[in-house]
Every structure is written in C-alpha cells, then in structure tokens.
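Spelled out, the chains give:
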Protein chains: 2
Amino acid sequence: MPASEDRRRGSYPKGIAKREEILSRALDVIAREGYAGASVKELAAAVGLSQGGLLHYFDSKEELFTAILRKRDEVDLALFDGPGEPAAPSGAGAASSGDTGDSDAGTVLFSTTGPTFDELRDGFLAVIRHNSEVPGLVQLFSRVAVDAADPAHPAHGFFLERGERLREAFVHALADAQAAGRVRSDVDPAMFARVYQAVSDGMQLQWMLEPDADMAAAVDALFAVLTTEESS
Amino acid sequence: MPASEDRRRGSYPKGIAKREEILSRALDVIAREGYAGASVKELAAAVGLSQGGLLHYFDSKEELFTAILRKRDEVDLALFDGPGEPAAPSGAGAASSGDTGDSDAGTVLFSTTGPTFDELRDGFLAVIRHNSEVPGLVQLFSRVAVDAADPAHPAHGFFLERGERLREAFVHALADAQAAGRVRSDVDPAMFARVYQAVSDGMQLQWMLEPDADMAAAVDALFAVLTTEESS
DNA sequence: GTCTATATGTTGATAGAC
DNA sequence: GTCTATCAACATATAGAC
C-alpha cells in the first residue's frame, strides 16, 4: 500500500509519477556524481529541470532531500530483499532505469513481521556493500541525518521511524536466533539493535573519510562475535 | 609540547593566549546554548567579539570550528584521563573557567604509548557520558565530521589523525587484554578498534535524534561481549 | 506544468577607521 | 587588536509569463 505517504501536492497519478521519476533520476545522479552540498538549482539541472520546475513538486530543499532518502530506502529494499540473490545489482547505477517497483515486494528487511537472522544479516550486509558504490548517497544520508536532529526538520520523523523499523527487525532476528542457540544468550537484543545501527552509521563516517575502511567487514565482525558458531 | 600546532597568525604569546581564551569560551557557549548551524557572527557575539574581531584570529569559519574541536579534545583529555577520578566534571559547564591546562597531563587516552584496557574503557566511557551534557558539541562534531569528508576541508586532517590515534589506543589495549586473557582471542584488535569508533560516532547520531538513547550503555555492551569475565 | 525573473535573506570575508 | 561598514556571492522561495 504505497498510497499513504506519497500524497503531497497535486497527487494526481500523473503528478506522483513525475515525482517518482524525478526522485529516481536524482538518486542516480547523486549516486554517480556525488553530493557535495548540492544546491536545488544544481540538482534541478542534473535531472533536467529548472529550479522552479523542480520546486513545483517539492515544497522545499529539505523535503526534496528527505524524499530522495525515502526513495533510496525503497529502492534498496526492493534490490536487497526477498530474493536470495538480487536481480542485478551490477555496479553503481543500479538505482534508476524506469520504475524500480511499486512492487510491494521488499518490506521484509525493515518490517516487524521480520526476516530471519540470516536474511537480515545478508540483506544488511548487501546494502552496506552496495553503499560503497554510491558515495554521494552515503554523504547525503549522513548530512541530513545530522540536520534532522532538529525536531523541526522535515526528515526528523523519517529518521526516527527508519531507526525504529531497522532496530525492530534486529530485535526480532536476534531474539529468534538466541532462542535457536545461534546467538549468545547474554546479548540484549534491544541494546545490540542499537549497536548494529550505530556501527553501520559510524562506519559510513569512517569510510567517507577513509575510503579504504571496510564498512561491511566491521559489521560482519560484530555478527561474528555475537554468534556462537561460524555459519557459512 | 603544545607548541607545534598552535602556530597560526601572530603566534605571539599574547595572541595565542587570546586565541585559547576565545576557544575556551566558544566551547562553553556551544556546550550550554547548543550549536544549530551557528554563524560566525552569532558565535562572535557569544564570545564577546564582533565578527571582524573574531576572524582576526581565525582565517575562516571552517578553521575556527576545527580549532574548537581540537580544543575540545584537549579539554576532554585533561578531564577524563590520568587521574582515576576526574577533579570535578560537575554538570555541563566543565569546559571553561580559565586555562584548563597547557598541562601536558592527558595524552594517555589517545596516545600510542597507551593506556591499559581498563583505563581506556573507563576514560572512553567517561567522555561519552560527559557528551550527554554538551549536546551542542556533539552536534558540532558530527556536522563537521561529515563536511570534513572532503579532503579540502580544513578539518580533514584533524579527523584522520584523531581517528588513527583513537584506534591505535584501542588496538594496543585490546591486544594487551587479549594477551592477558581478558578479551576473547577471536577478536581482531584492528577491526574492533574501528567498531568501537563507529559505535561511538553512530550512537551520537542516535542520541541527537533520540535523547533517550544511551550512548554509554551501547558502548559498554560492546565491552561486555568482548571481555571474557565480568569486570566492574 | 515548466520556465524566467526576481524578491529576500544570509553568509563569509574584507577594508579601513579608531 | 578590535570595531563598523560594506561587499560580493549565493541560495531559497515566490510570482508571473507562456
């Protein structure tokens, strides 16, 4: 049911379709060409619109970027969830090319119904590895994440909910894996859900500073110490 | 030897003294009143100078903020290192009041000579707990950390070196503790040095968004899973 | 629905008086 | 060394033409 959040302006089929197209293209552009405190005008030009034209669809710069981050999660979910093997996450430009999906497919990763521990680990790591190929998106995410600390920021709610969903998935997966004896019994799922999120976010900062820093390896190391056996 | 890095403009005793005084006051102001994308003018007024007066000591806004972060580390080091019990880290405003110290005291926490595992853990946690009382500094740190991803940013080198020092301390402490059988033998010190840094930085983001998130508890949980016995 | 043009505001930085 | 005054550069948002 992708109807609830997408209502903004005209909200007619045509309008929201264009909106989605803009977001897809923006994602692609930022992923490839990077984000460096980009202005609305720059981004507008990049997606083939004027500033005014772009702001016809988004009320403000901050809302635009928030929408981009939402769309990004949507795309990542569709790519790295559900199927054991993603269709074709080849290279960097895996975020555009038409409609990636109103397919309700990927809600496993961040939903409460919950992926299994293995699914969550694999999906989480896949997204993180993918991030290494879209530096601009990582930078955009981190930048907005800081700004969104302000409750008045349009992305405040987005980051709150996103974090909650992510951690909820971890809590369930960890608890289940614990019950199955695969995760140490002395780990508090709620606490380590936060730790996973923190490691992921924190490694992004390190990686932006030092591209050699291996984000996925660090997260993987955390999985390793929490699990009782060596899987895979 | 605090002489090497402090050379900038006039660099006469009087000049650098005033510089330090400005930084101390700026720290105090930001810690108490918060940082919200503060402009140079605002900060200048807060420290009792005009914009021009302030920029007499710092070439640019970015260099000013970089210097503030440097000073902050210096103060934290002096406060939460060396003595088993800090003098009086009471409340929030523990960062000003005269000269906190050219005292060469605290170089343990981030130096290669290295604190012991317990010292590092206690100091690290103390700094993190202290951070909860200076939200403005946490926000400033995170904001500049993102911007400093750009190699051209004045703080780029600062964050690189800071990260290296911090992780080096962790690598040594973890390795030593491992040799003593206090830390699991299957943890890679270098890898987990990154993980500690990531958890710390990542928890700051969560805490800025949700002040109820317990930064120290998360880091402490990581210590707990890595150690073989329950210390405390 | 999209563009051009503009209003409005702010910022960082500089020049020059005192 | 510090202040006042000012600049030039942008950026966002809006208004109005097409």
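Before reading on, note that the structure itself is shown above.
1. Description of the overall build of chain A
Stage number 1. Helices and strands together make up the secondary structure of chain A, namely nine helices and zero strands.
Stage number 2. Each helix and strand of chain A, placed in order from N terminus to C terminus, yields the pattern α-α-α-α-α-α-α-α-α.
Stage number 3. A buried classification covers 50% of the 232 residues belonging to chain A.
Stage number 4. In chain A, of all internal contacts separated by at least 6 residues, the share reaching a separation of at least 24 is 69%.
Stage number 5. If you sum the accessible surface of chain A, you get close to 10400 Å²; carbon and sulfur atoms cover 51% of it.

2. So, the protein's contact with DNA strand C
Stage number 1. As a structural note, the neighbourhood of DNA strand C is formed by 13 residues, with A:Ser50, A:Tyr57, B:Val40, B:Gln51 and B:Lys61 the closest of them.
Stage number 2. For DNA strand C, the fraction of protein-proximal atoms (within 4 Å) that sit in sugar or phosphate groups is 61%.
Stage number 3. Within the side chain of B:Gln51, an N or O atom sits 2.8 Å from a base nitrogen of DNA strand C.
Stage number 4. A distance of 2.6 Å separates a phosphate oxygen of DNA strand C from a polar side-chain atom of B:Lys61.
Stage number 5. Considering only residue class, the surface near DNA strand C consists of four nonpolar, seven polar and two charged.

3. Quick notes on the interface of chain A and chain B
Stage number 1. Of the residues lining the interface, 35 residues belong to chain A; the matching set on chain B comes to 35 residues.
Stage number 2. Counting each side, the surface lost to burial between chain A and chain B is near 3200 Å², with a carbon and sulfur contribution of 67%.
Stage number 3. Of all residues in chain A, A:Val146, A:Arg194 and A:Leu209 bury the most surface against chain B, accounting for 19% of the area lost on that side.
Stage number 4. Connecting chain A to chain B are six salt bridges.
Stage number 5. Taken together, the links from chain A to chain B amount to 12 residue pairs in polar contact (both at pLDDT 80 or more).
Stage number 6. Contributing elements (two or more residues each) for the side of chain A that touches chain B: helix 6 (135–147), helix 7 (156–179), helix 8 (189–209) and helix 9 (215–226) of chain A.
Stage number 7. Examining the composition of the side of chain A that touches chain B, we find that 14 residues originate from one element, helix 8 of chain A, more than from any other.

4. Notes on the protein's contact with DNA strand D
Stage number 1. Among the 13 residues in the neighbourhood of DNA strand D, the closest are listed as A:Gln51, A:Ser60, A:Lys61, B:Ser50 and B:Tyr57.
Stage number 2. Among the atoms of DNA strand D close to the protein, meaning within 4 Å, 62% are from sugar or phosphate groups.
Stage number 3. In this structure, a phosphate oxygen belonging to DNA strand D sits 3.3 Å away from a main-chain N or O atom of A:Val40.
Stage number 4. At 3.0 Å from a phosphate oxygen of DNA strand D is found a main-chain nitrogen or oxygen belonging to B:Ser50.
Stage number 5. Looking at the surface near DNA strand D residue by residue, the class counts come to four nonpolar, seven polar and two charged.

5. Some details on the nonpolar core
Stage number 1. Among the nonpolar cores identified, the biggest contains 72 residues, and A:Phe192, A:Val199, B:Phe192 and B:Val199 are the most heavily contacted of them.
Stage number 2. Those residues within four positions of A:Phe192 in sequence are excluded, and the remaining contacts are A:Leu174, A:Val187, A:Leu222, A:Leu226, B:Ala221, B:Leu222 and B:Val225.

6. Notes on the relation of the copies chain A and chain B
Stage number 1. With an RMSD of 0.0 Å, chain A superimposes on chain B once it is rotated by 180° and translated 0.0 Å along the axis. Such a combination of rotation and displacement between the chain copies is what one expects of a two-fold axis.
Stage number 2. Counting the interface residues of chain A, we find that 100% of their copies in chain B are interface residues as well, pointing to one common contact surface.

7. Description of the environment of A:Gln197
Stage number 1. Inspection of the secondary structure assignment puts A:Gln197 in helix 8.
Stage number 2. For A:Gln197, a relative accessible area of 9% puts it in the buried group.
Stage number 3. A:Gln197 sits 22 residues away from A:Val219 along the chain, and the two C-alpha atoms are 9.4 Å apart.
Stage number 4. Ignoring anything within four residues of it in the chain, the contact list for A:Gln197 reads A:Gly163, A:Leu166, A:Arg167 and B:Gln206.
Stage number 5. At a separation of 2.7 Å, a polar atom in the side chain of A:Gln197 contacts the side chain of A:Arg167.

8. Remarks on the packing of aromatic side chains
Stage number 1. Counted under the stated rule, the structure contains 16 aromatic pairs over all chains.
Stage number 2. Relative to A:Phe170, the ring of A:Phe124 has its centre 5.0 Å away and its plane inclined at 85°; by these criteria the two rings are edge-to-face. Linking A:Phe124 in helix 5 (residues 117–131) with A:Phe170 in helix 7, this pair joins segments that are 46 residues apart in sequence. Each member of the pair A:Phe124 and A:Phe170 is classed as buried.
Stage number 3. When the centroid spacing of 4.5 Å and the interplanar angle of 15° are considered together, the rings of B:Phe170 and B:Tyr196 count as stacked. Taken as a pair, B:Phe170 in helix 7 (residues 156–179) and B:Tyr196 in helix 8 (residues 189–209) lie far apart in primary sequence, 26 residues in all.
Stage number 4. Connected via pairs of aromatic rings, a cluster forms that spans A:Phe117, A:Phe124, A:Phe170, A:Tyr196 and A:Phe223.

Conventions and cut-offs
- Residues numbered from 1 in each chain as written.
- Chains lettered and ligands numbered in written order.
- Predicted model: local features only at pLDDT ≥ 70, side-chain atom pairs only at ≥ 80, totals over all residues.
- Heavy atoms only, no water.
- Helix = DSSP H or I, 4+ residues; strand = E, 2+ residues; numbered from the N terminus.
- Buried < 20%, exposed > 50% of the residue type's maximum accessible area, 1.4 Å probe, protein only.
- Contact = heavy atoms within 4.5 Å.
- Areas by Shrake-Rupley, 256 points an atom, 1.4 Å probe, with all protein chains shown as cover.
- Near = heavy atom within 4 Å.
- Polar contact = N/O pair within 3.5 Å; in protein donor to acceptor, adjacent residues only side chain to side chain.
- Nonpolar A, V, L, I, M, F, W, Y, C, P; charged D, E, K, R; others polar.
- Buried area = accessible area lost by both parts, 1.4 Å probe.
- Salt bridge = Lys/Arg side-chain N within 4 Å of Asp/Glu carboxyl O.
- Core = buried A, V, L, I, M, F, W, Y, C linked by side-chain atoms within 4.5 Å.
- Least-squares fit on C-alpha atoms with pLDDT ≥ 70 in both.
- Phe/Tyr/Trp six-rings, centres within 6.5 Å; stacked < 30°, edge-to-face > 60°.

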